[in-house]
Amino acid sequence: MKMKAFSLALLCTLILAACTAPVEEKGMTTLDAPAASTPEQVEPSASEPSGGEEDFSDPGGQGVAIDAYDSILRSFGSPDPESGYPEEFADAYIGEDNFLYVCLTDTSEEVLAHYRGAVTEPRILRFVQVEHSYRDLMALQMALVEIEELGFSFVGIDVMENQVDMGIPDIGKEDEVWALMEQQLPEDVRERFDQLPVTIEEAPYATFG
């Protein structure tokens, strides 16, 4: 099965506030992810200390990256994705190399400078250009959860792929599910996307006991 990287937000939320997510975020406890799969990594600026592989090639574990992620969230002023996350932020994940990959829709130097300035060790950061913000993906996720007719087994935000993943018990009904999404998604959510960033896969309902 392909390894996927999902939001680090739950990890830091659990550490800071012992909260739980409103829906299943598939794989959110999976911290490690292969950096080679990331789309369009942004090269660090030569004028910034966050670039040199030669002077910071081994972070020595995940601790520095986790601390950096916590600092970035704190710099927003609010840990609430809907109200606190800036529009360009699409969350982050830790790669197999233990660097923190920050996904952004805007990778201008002004924006990157904010993230570098928010952390104690900016060399731990790697930036990835993506299309959709976390706020938009979360709005889509929550809107899908409200459509009961979809009959999904899970809905979760996949940070590395910058999309929403959905599982349904019978993949033969995929076309019906797409039609329902197009018909019932609120207009204010649908208009955020040219094409819905949703991947559907077959997955049974969870069983307990």
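**So, the nonpolar core**
And step 1. Judged by nonpolar contacts, the single largest core of 54 residues is most densely connected at F89, L100, V102, Y115, L125 and M166.
And step 2. It is helix α4 (residues 134–145) that provides the largest number of residues to this core, a total of seven residues.
And step 3. Those residues in contact with Y115, other than ones at most four positions away along the chain, are I72, F76, P86, E88, F89, V102, L104, L125 and F127.

**Looking at unusual backbone geometry**
And step 1. Non-glycine residue D91 carries a positive phi angle of around 75°.
And step 2. The residue D91 is located in strand β3 (residues 89–95) in this model.
And step 3. Unlike most non-glycine residues, N162 shows phi in positive territory, near 55°.
And step 4. For N162, a relative accessible area of 8% gives the class buried.

**Notes on the packing of aromatic side chains**
And step 1. Tallied over the full model, the rule gives seven aromatic pairs.
And step 2. Considering the side-chain rings of F76 and F89, the 5.0 Å spacing of their centres and the 65° angle between planes classify their relative orientation as edge-to-face. Residue F76 is located in the loop between α2 (63–75) and β3, and its partner F89 is located in strand β3; the two are separated by 13 residues in the primary sequence. Pair check on accessibility: F76 and F89 agree, each one buried.
And step 3. One aromatic cluster is present, formed by F76, Y85, F89, Y115 and Y134 through successive ring pairs.

**Some remarks on the packing of α2 against helix α3 (residues 109–118)**
And step 1. Orientation of α2 relative to α3, taken along the N-to-C sense of each, is 120°, at an axis distance of 8 Å. Crossing handedness for the pair α2 and α3: right-handed. Contact residues: α2 offers S71, I72 and S75, while α3 offers H114, Y115 and A118.

**Structural notes on the pairing of strand β5 (residues 125–129)**
And step 1. For β5, the buried fraction is high: four of the five residues fall into the buried class.
And step 2. Bridge analysis of strand β2 (residues 41–42) against β5 gives two bridges, and the strand direction is antiparallel. Within β5, the position partnered with V42 by the bridge is F127.
And step 3. Taken together, the five bridges between strand β4 (residues 100–104) and β5 define a ladder with parallel strand orientation.

**Quick word on α4**
And step 1. Its twelve residues place the ends of α4 16 Å apart at the C-alpha level, agreeing with the 16 Å of an ideal helix rising 1.5 Å per residue.
And step 2. The buried fraction of α4 is high, at ten of twelve residues.
And step 3. For α4, the complete set of buried residues consists of Y134, D136, L137, M138, A139, L140, Q141, A143, L144 and V145.

**What to know about the sheet that holds strand β6 (residues 154–158)**
Sheets are built from strands paired through backbone hydrogen bonds, the pairs being either parallel or antiparallel.
And step 1. Spatially, three strands are ordered β6-β7-β8 in an open sheet, and the strand pairing comes out mixed. The strands lining the two open edges of the sheet, one partner per strand, are β6 and β8 (198–202). In this sheet, neighbouring strand axes are inclined to one another by 25° on average, regardless of whether the strands run parallel or antiparallel.
And step 2. Relative to strand β7 (residues 163–168), β6 is paired through five bridges, and the arrangement is antiparallel. Bridge pairing in β7 places V155 opposite M166.
And step 3. Across the face of the sheet, α4 comes into contact with β6, β7 and β8 while running at roughly 175° to β6.

**Some thoughts on the pattern of salt bridges**
Pairs may arise between side chains of opposite charge once their charged atoms sit close together.
And step 1. Throughout the structure, instances matching the rule amount to six salt bridges.
And step 2. R74 is the partner of D70 in a salt bridge, and the nearest nitrogen-oxygen pair spans 3.2 Å. Of this pair, D70 and R74 both sit in helix α2, separated by four residues, roughly a single helical turn.
And step 3. Across the salt bridge formed by E87 and R135, the nearest N and O atoms sit 3.8 Å from each other. Linking E87 in the loop between α2 and β3 with R135 in helix α4, this pair joins segments that are 48 residues apart in sequence.

Conventions we followed
Residues numbered from 1 in each chain as written. Predicted model: local features only at pLDDT ≥ 70, side-chain atom pairs only at ≥ 80, totals over all residues. Heavy atoms only, no water. Core = buried A, V, L, I, M, F, W, Y, C linked by side-chain atoms within 4.5 Å. Buried < 20%, exposed > 50% of the residue type's maximum accessible area, 1.4 Å probe, protein only. Helix = DSSP H or I, 4+ residues; strand = E, 2+ residues; numbered from the N terminus. Contact = heavy atoms within 4.5 Å. Phe/Tyr/Trp six-rings, centres within 6.5 Å; stacked < 30°, edge-to-face > 60°. Axes fitted to C-alpha atoms, helices over the stretch in contact; angles between N-to-C directions. Left-handed = near helix turned anticlockwise from the far one by under 90°. Pairing = 2+ DSSP bridges. Expected span 1.5 Å × (residues − 1). Salt bridge = Lys/Arg side-chain N within 4 Å of Asp/Glu carboxyl O.

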